[in-house]
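# Architecture and fold: a report
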Amino acid sequence: MGGVTSSMAAKLAFFPPNPPSYKLVADEMTGLLLLSTFPHRENVEILKLPTRKGTEVVAMYIRHPMATSTLLYSHGNAADLGQMYELFVELSIHLRVNLMGYDYSGYGQSSGKPSEQHTYADIEAVYKCMEEGYGAKQEDIILYGQSVGSGPTLDLAARLPHLRAVVLHSPILSGLRVMYPVKKSYWFDIYKNIDKIQLVDCPVLVIHGTADEVVDCSHGKQLWELSKEKYEPLWLKGGNHCDLEHHPEYIRHLKKFVSTVEKPPSQRYTGSRRRSTDQQLEKLKNQSNYAEKLRVSFDQVERSRRSVDCCLEKSRKSVDHQLERGRKSVDRIRTG
């Protein structure tokens with residue numbers, strides 16, 4: 001029964017480009033693998049990686065000379081590496097990161113058929129290659145999941161406690177919740193991100209368009225609310241499901257996020273923490289202002305008291321002097 005349900009879910013959930021947007025070719029000079037529609041770049045490598053499910057996935061690795069982080073990008077549903085190639089190159093340049101992208105089983109020139117379990121095996125194979133082939137450390141890796149890619153991204157993130165960060169781009173709460181507003185997770189549902197997000201220990205950035213007609217923006221907002229370590233989200237006004245990269249705020253916010261998570265943890269202030277800290281500072285400022293007002297008021301009272309005491313002292317001395325003069329006058333009369 002589970003296999004039948006999984007097959008039905010796969011038919012509803014996965015839409016690989018048909019035909020694929022590229023072919024794999026070998027460079028005549030070097031013998032290296034290339035995507036047919038793109039020339040060889042010195043900093044780009046194309047690989048075929050075996051998975052524990054017996055398939056081979058195509059991946060591309062982009063090096064950046066100044067990188068301190070590596071982005072592992074799981075793309076959206078109706079895309080493959082040929083369609084993502086230029087964006088991946090641009091992201092590597094603008095964010096100053098190494099970037100690893102891949103096609104799920106059954107996508108592009110990756111073998112096999114797409115399924116939830118295959119995507120989990122796919123991302124594991126890519127992550128293993130990053131560690132063993134390129135020396136990437138868990139704490140230097142940022143997982144990036146777009147749309148259906150949020151599924152394998154969060155599944156892996158929930159099992160890696162020392163990740164640098166996670167980016168969720170137009171993410172889904174679960175496969176079933178995209179179609180129906182169910183209130184609980186069912187055994188036959190796929191990509192139960194709503195349950196896995198609470199197991200992620202690193203900073204989480206959520207990006208979602210407010211006019212998304214494929215995955216409602218409420219999915220992104222709920223995942224952000226459930227995140228342990230929230231970073232200031234990006235709700236792109238008027239943004240749809242497949243055009244967020246064209247908004248200027250997208251790359252600016254992403255650059256700011258990467259810059260923040262590359263700092264030591266003690267120097268980070270992510271979204272909710274920053275607001276909490278700002279509120280505490282504002283409260284302390286208000287308390288300080290109140291205390292200053294009280295101090296000024298007390299100083300004024302003290303000055304007034306001193307002024308009154310001074311006047312009373314002068315009056316007392318004046319009265320004493322007059323009484324003394326009167327007493328002396330009476331004494332002269334008596335003695336006269």
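Residues numbered from 1 in each chain as written. Predicted model: local features only at pLDDT ≥ 70, side-chain atom pairs only at ≥ 80, totals over all residues. Heavy atoms only, no water.

As recorded in an unreviewed UniProt entry, the chain goes by Serine aminopeptidase S33 domain-containing protein and comes from Linum tenue.

On to helix α7 (residues 217-226). Restricting attention to buried positions, one finds in α7 the residues Cys-217, His-219, Gly-220, Leu-223 and Trp-224. The buried side chains of α7 occupy one side of the element, clustering within an arc of 155° when seen end-on. (Buried < 20%, exposed > 50% of the residue type's maximum accessible area, 1.4 Å probe, protein only. Helix = DSSP H or I, 4+ residues; strand = E, 2+ residues; numbered from the N terminus. Arc of directions from axis to C-beta.)

Now for helix α8 (residues 248-261). For α8, with 14 residues, the first-to-last C-alpha span of 21 Å sits near the 20 Å given by 1.5 Å per residue. Every buried residue belonging to α8 is among Tyr-250, His-253, Leu-254, Phe-257, Val-258, Thr-260 and Val-261, and all of these are buried. All buried residues of α8 project into a common sector of 160° when viewed along the axis, lining one side. The inward-facing, buried residues of α8 contact α2 (81-95), β7 (141-146), β8 (165-169), β9 (203-209) and β11 (234-236). (Expected span 1.5 Å × (residues − 1). Contact = heavy atoms within 4.5 Å.)

Let us now look at the packing of helix α3 (residues 116-134) against helix α4 (residues 150-157). At their nearest, the axes of α3 and α4 sit 9 Å apart, and the two run at 60° to each other. Relative to α4, the element α3 lies oblique. The handedness of the crossing between α3 and α4 comes out as right-handed. Across from Thr-119, Tyr-120, Ile-123 and Tyr-127 in α3, the residues of α4 making contact are Gly-151, Pro-152, Thr-153, Asp-155 and Leu-156. (Axes fitted to C-alpha atoms, helices over the stretch in contact; angles between N-to-C directions. Parallel < 35°, antiparallel > 145°, perpendicular 65-115°, else oblique. Left-handed = near helix turned anticlockwise from the far one by under 90°.)

Moving on, we get to the side chain of Gln-146. Relative to the helices and strands, Gln-146 resides in strand β7. Excluding residues that lie within four positions of it along the chain, Gln-146 makes contacts with Tyr-73, Ser-74, His-75, Gly-76, Met-84, His-169 and Glu-245.

With that out of the way, let us pick up the pattern of salt bridges. A full pass over the atoms with the stated rule returns 11 salt bridges. Asp-140 is paired through a salt bridge with Arg-164; the nearest N and O atoms lie 3.1 Å apart. Taken together, the residues span a long stretch of sequence, with Asp-140 in the loop between α3 and β7 and Arg-164 in the loop between α4 and β8 at a distance of 24 residues. Here Asp-140 falls in the partly exposed class, since its relative accessible area comes to 24%. The structure contains a network of salt bridges with shared partners spanning Arg-52, Glu-124, Asp-155, Arg-159 and Lys-196. (Salt bridge = Lys/Arg side-chain N within 4 Å of Asp/Glu carboxyl O.)

With that settled, the discussion passes to the packing of α2 against α8. Two packed helices can be described by the angle between their axes and the distance between those axes. Where α2 meets α8, the axes come as close as 10 Å, and the angle between the chain directions of the two elements is 55°. Taken together, α2 and α8 sit at an angle that is classed as oblique. As for the relative orientation of α2 and α8, their crossing is right-handed in sense. Within the contact between the two elements, α2 uses Leu-91, His-94 and Leu-95 and α8 uses Tyr-250, Ile-251, Leu-254, Lys-255 and Val-258. Taken together, the residues of the contact of α2 with α8 break down into 6 nonpolar, 1 polar and 1 charged. (Nonpolar A, V, L, I, M, F, W, Y, C, P; charged D, E, K, R; others polar.)

The next subject is unusual backbone geometry. Phi is mostly negative for residues that are not glycine, and the peptide bonds are mostly trans. Geometrically, the link from Asn-18 to Pro-19 is a cis peptide bond, its omega value of 5° lying close to zero. By the secondary structure assignment, Pro-19 is in the loop between α1 (2-13) and β1 (24-26). Here Ser-147, not a glycine, exhibits a phi torsion of approximately 55°, which is positive. Structurally, the position occupied by Ser-147 is in the loop between β7 and α4.

On to the pairing of strand β4 (residues 56-62). With respect to burial, β4 is a largely interior element, 6 of its 7 residues being buried. Note: strand β3 (residues 44-50) against β4, 7 bridges, orientation antiparallel. Paired with Lys-48 across the bridge in β4 is Val-58. Hairpin connection, β3 to β4: the antiparallel pair is bridged by 5 residues, and Gly-54 has positive phi, about 90°. In the sheet, β4 pairs with strand β6 (residues 98-102) via 4 bridges, with the strands oriented antiparallel. Considered in β6, the bridge of Tyr-61 is made with Met-100. (Pairing = 2+ DSSP bridges.)

Take the environment of Val-261 next. Within the secondary structure layout, Val-261 lies in helix α8. Sequence spacing of Val-261 and Ala-165 is 96 residues, and the spatial spacing of their C-alpha atoms is 6.8 Å.

Next up on the list: the side chain of His-219. With respect to the secondary-structure elements, His-219 resides in helix α7. Leave out the neighbours within four places in its chain, and His-219 touches Pro-171, Ile-172, Leu-173, Arg-177, Val-178 and His-208.

Before going further, it helps to spend a moment on the packing of aromatic side chains. Per the counting criterion, the structure on display carries 11 aromatic pairs. Aromatic pair Phe-14 and Tyr-191: ring centres 6.3 Å apart, planes at 80°, arrangement edge-to-face. You can see Phe-14 sitting in the loop between α1 and β1 and its partner Tyr-191 sitting in the loop between α5 (175-179) and α6 (193-196), a full 177 residues away along the chain. Residues Phe-14 and Tyr-191 agree in their burial class; the two are buried. Arranged with centres 4.8 Å apart and planes meeting at 55°, the rings of Tyr-73 and Phe-88 form a pair that is tilted. Of the two residues, Tyr-73 sits in strand β5 (residues 70-74) while Phe-88 sits in helix α2, which places them 15 residues apart along the sequence. Neither Tyr-73 nor Phe-88 differs from the other in exposure class; each is buried. Through a chain of ring-to-ring contacts, the aromatic side chains of Phe-14, Tyr-120 and Tyr-191 assemble into a single cluster. Directly above the aromatic system of Trp-235 lies the positively charged group of Lys-221, at a separation of 5.8 Å from the ring centroid. (Phe/Tyr/Trp six-rings, centres within 6.5 Å; stacked < 30°, edge-to-face > 60°. Lys NZ or Arg CZ within 6 Å of the ring centre and 35° of its normal.)

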